[in-house]
4 protein chains.
Amino acid sequence: MNEGLNKVILMGNLGADPELRYTGNGTPVLQLRMATNESFVDKNKEPKERTEWHNIVFWGQRAEALAKVLTKGDGVLIEGGLRTSSYEKDGIRRYRTEVIARDLRFTGRRALAQPPPGLEDDGEATQPGTGVPTTARLGKNGARGRPPEGPALDELPY
Amino acid sequence: MNEGLNKVILMGNLGADPELRYTGNGTPVLQLRMATNESFVDKNKEPKERTEWHNIVFWGQRAEALAKVLTKGDGVLIEGGLRTSSYEKDGIRRYRTEVIARDLRFTGRRALAQPPPGLEDDGEATQPGTGVPTTARLGKNGARGRPPEGPALDELPY
Amino acid sequence: MNEGLNKVILMGNLGADPELRYTGNGTPVLQLRMATNESFVDKNKEPKERTEWHNIVFWGQRAEALAKVLTKGDGVLIEGGLRTSSYEKDGIRRYRTEVIARDLRFTGRRALAQPPPGLEDDGEATQPGTGVPTTARLGKNGARGRPPEGPALDELPY
Amino acid sequence: MNEGLNKVILMGNLGADPELRYTGNGTPVLQLRMATNESFVDKNKEPKERTEWHNIVFWGQRAEALAKVLTKGDGVLIEGGLRTSSYEKDGIRRYRTEVIARDLRFTGRRALAQPPPGLEDDGEATQPGTGVPTTARLGKNGARGRPPEGPALDELPY
DNA sequence: TTTT
DNA sequence: TTTT
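Residues numbered from 1 in each chain as written. Chains lettered and ligands numbered in written order. Predicted model: local features only at pLDDT ≥ 70, side-chain atom pairs only at ≥ 80, totals over all residues. Heavy atoms only, no water.

Going by what an unreviewed UniProt entry lists, chain A is known as Single-stranded DNA-binding protein and is assigned to Sorangium cellulosum. The Subunit (unreviewed entry) comment attached to chain A in UniProt states, word for word, "Homotetramer." (UniProt positions renumbered as here; feature names shortened; annotations may be inferred.)

The topology assignment puts A:Glu79 in strand β5 (residues 75–89). Side-chain polar atoms of A:Glu79 contact the side chain of A:Lys7, separated by 2.9 Å. Excluding residues within four positions of it along the chain, A:Glu79 makes contact with A:Lys7, A:Val8, A:Ile9, A:Ile100, A:Ala101, A:Arg102, A:Asp103, D:Lys7 and D:Glu79. (Helix = DSSP H or I, 4+ residues; strand = E, 2+ residues; numbered from the N terminus. Polar contact = N/O pair within 3.5 Å; in protein donor to acceptor, adjacent residues only side chain to side chain. Contact = heavy atoms within 4.5 Å.)

Taken as a whole and assessed by the stated rule, the structure comprises 32 salt bridges over all chains. In this structure, B:Glu79 and C:Lys7 form a salt bridge, with 2.5 Å as the shortest nitrogen-oxygen distance. With B:Glu79 in strand β5 (residues 75–89) and C:Lys7 in strand β1 (residues 5–14), this pair bridges two chains. The exposure class of C:Lys7 is buried, given its relative accessible area of 3%. Note that D:Arg50 and D:Glu52 form a salt bridge whose closest N and O atoms lie 2.9 Å from each other. For D:Glu52, a relative accessible area of 4% puts it in the buried group. (Salt bridge = Lys/Arg side-chain N within 4 Å of Asp/Glu carboxyl O. Buried < 20%, exposed > 50% of the residue type's maximum accessible area, 1.4 Å probe, protein only.)

On to the relation of the copies chain C and chain D. Once chain C is rotated about the relating axis by 180 degrees and shifted along it by 0.0 Å, it coincides with chain D to within an RMSD of 0.1 Å. These values place the two chain copies in the arrangement generated by a two-fold rotation axis. Measuring from the rotation axis to each C-alpha of chain C, the shortest distance belongs to C:Val8, at 2.3 Å. (Least-squares fit on C-alpha atoms with pLDDT ≥ 70 in both.)

Turning next to the interface of chain C and chain D. In this assembly, 31 residues from chain C lie in contact with 31 residues from chain D. Counting the surface lost from both chain C and chain D, the interface buries some 2700 Å², and carbon and sulfur atoms represent 48% of this. Scanning the region where chain C abuts chain D turns up zero salt bridges. In this assembly, chain C and chain D are joined by nine residue pairs in polar contact (both at pLDDT 80 or more). Considering every element that reaches the side of chain C that touches chain D, the biggest residue donor is β1(C), with eight residues. Class assignment of the residues belonging to the side of chain C that touches chain D gives a composition of eleven nonpolar, eleven polar and nine charged. Of the pairings in the sheet, the one linking β1(C) to strand β1 (residues 5–14) of chain D comprises seven bridges and is antiparallel in character. Considered in β1(D), the bridge of C:Leu10 is made with D:Asn6. (Buried area = accessible area lost by both parts, 1.4 Å probe. Nonpolar A, V, L, I, M, F, W, Y, C, P; charged D, E, K, R; others polar. Pairing = 2+ DSSP bridges.)

What follows concerns the pairing of strand β2 (residues 19–22) of chain C. Residues and elements named next belong to chain C. Strand direction decides the pairing type here: β2 and strand β3 (residues 28–41), joined by four bridges, are antiparallel. The residue bridging Leu 20 from the neighbouring strand is Leu 30, located in β3. What sits between the antiparallel neighbours β2 and β3 is a turn of five residues, in which Gly 26 has the positive phi angle 95 degrees.

On average, residues of chain A carry a pLDDT of 76, and 69% of them reach 70 or more. When the criterion is pLDDT under 50, residues 116–158 of chain A qualifies, and its contacts beyond four places in sequence or with other chains add up to 139 contacts. (pLDDT = per-residue confidence, 0-100.)

The structure is reproduced here in structure tokens:
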């Protein structure tokens, strides 16, 4: 089987507060409704806007931590993959496509706020010399809290 | 309006031959069924594979040109954006999420084949010094036919 | 040889007006200087900002068309691939990494402006029912001018 | 500040074993040399191949864990952002562009192997019902170990 | 050297 | 149902 790629990147806003649920298993599931906006000029040269709505899902500890910090209207950047599931309702097979999210980062006004409080709940240890970003990637690795550029240049070993 | 981002990147294979249709308008629409494969190790440390299926759509001239060259099984890289449309069927509102594709590039065995014949049909002129790639981006700009790295280094103007 | 992926997506602003040059060959080359900004909270919980600067290059007809419409300060979304070239200067081998761009789309205030005038210069024909987007993708395929979602839903053939 | 996007996605192979170093600070830094391959047809319709080489850097705990499991030749998918740093050498200012990596996932033959041993070293706890993927994302969140599609459909709470 |  |  050839390893493939199934990648989605969305930048937009939450259209509603997040909804946290639990599977029968006890696994947390967070569902987000997210808008991405697009501007364009139509065939009559009139400026137009269009909004696309997306179903975003976070699983596991991330779901719980994000539930505490996300609010309707937040500007966010989401990365994940597509998943379409099917289910039967009223004797009819239906399909639902979601973005299974792996990362979330604040954009807009919250990008300069304190790091989301829920994130420290699961024992994040900030490494010496590590910046705490406004990202909400919930791995416990202190390094993930560093902005993408790493330590100051003057401490580079090369 | 906050300009956002709605981006999908998929690498995988076509599960069927493409289907070309036309709107009432006469606009060509190409529909592809594409699989992306993923490997992982499950909770019992057993290697597993999973396939996700995607609905891909090309609009316009690209739809027609690609219809001529794509075949079931082809390895492709697709870029586009998500679009969910709703329609009524049997008195029930249904939703369908598709990837509206903007680019397609062959991967795998066809990446080294000749450029897709359909692509020359719309008058591609290859510029002097321009490689013709195995990409099926259908703009007529000769430059698009150049591999992403541009001309040979010794003809750089800087 | 395994087909790989070499993909860069940048959203930010031009730090200077674009520079158009020509190779010995006569091939147009457009160089852009682009900033991407990032906000984060540092280890002392102070909000910080950081700017990364990128060298962007367009080749061919796109270079010329974009040269006419891009201005210092413009908000843009760029897609392309990395290319590092090496050259000798003062007897020393040096390296320069650039993003070889394949697409550019306006974000921010220009996203709702008229389509860039330079773009019609190369004979764009707008298809019936096709919106003209604020994107500056320079393929001549009318379909590329359609927003990512295609025609209105009521003209879908399915 | 305008929050931007600085995103790189590469799929290819390691050209050498990884090199692990430490900053004066003690922060681990892992450097990878990675090739991405591209196939195209040149202006004479001859099939050609081209390889681009990239400098990849991981910081922090991830650097150490990955150092244990990566080997020359490995097929990997890397995600990160661009960072160009400047330094003085022989009285000349030089620039070096790197991809500051945030994620790594195996592709190819290792995608079905056991999860990288180094990864358990930092206390990974697999959640009930959670698959352990072949990804080397080093957050300690058990959820990250789930394939992008989440739990089985029959345990969905909706 | 950009942007808000 | 979001955002500017």
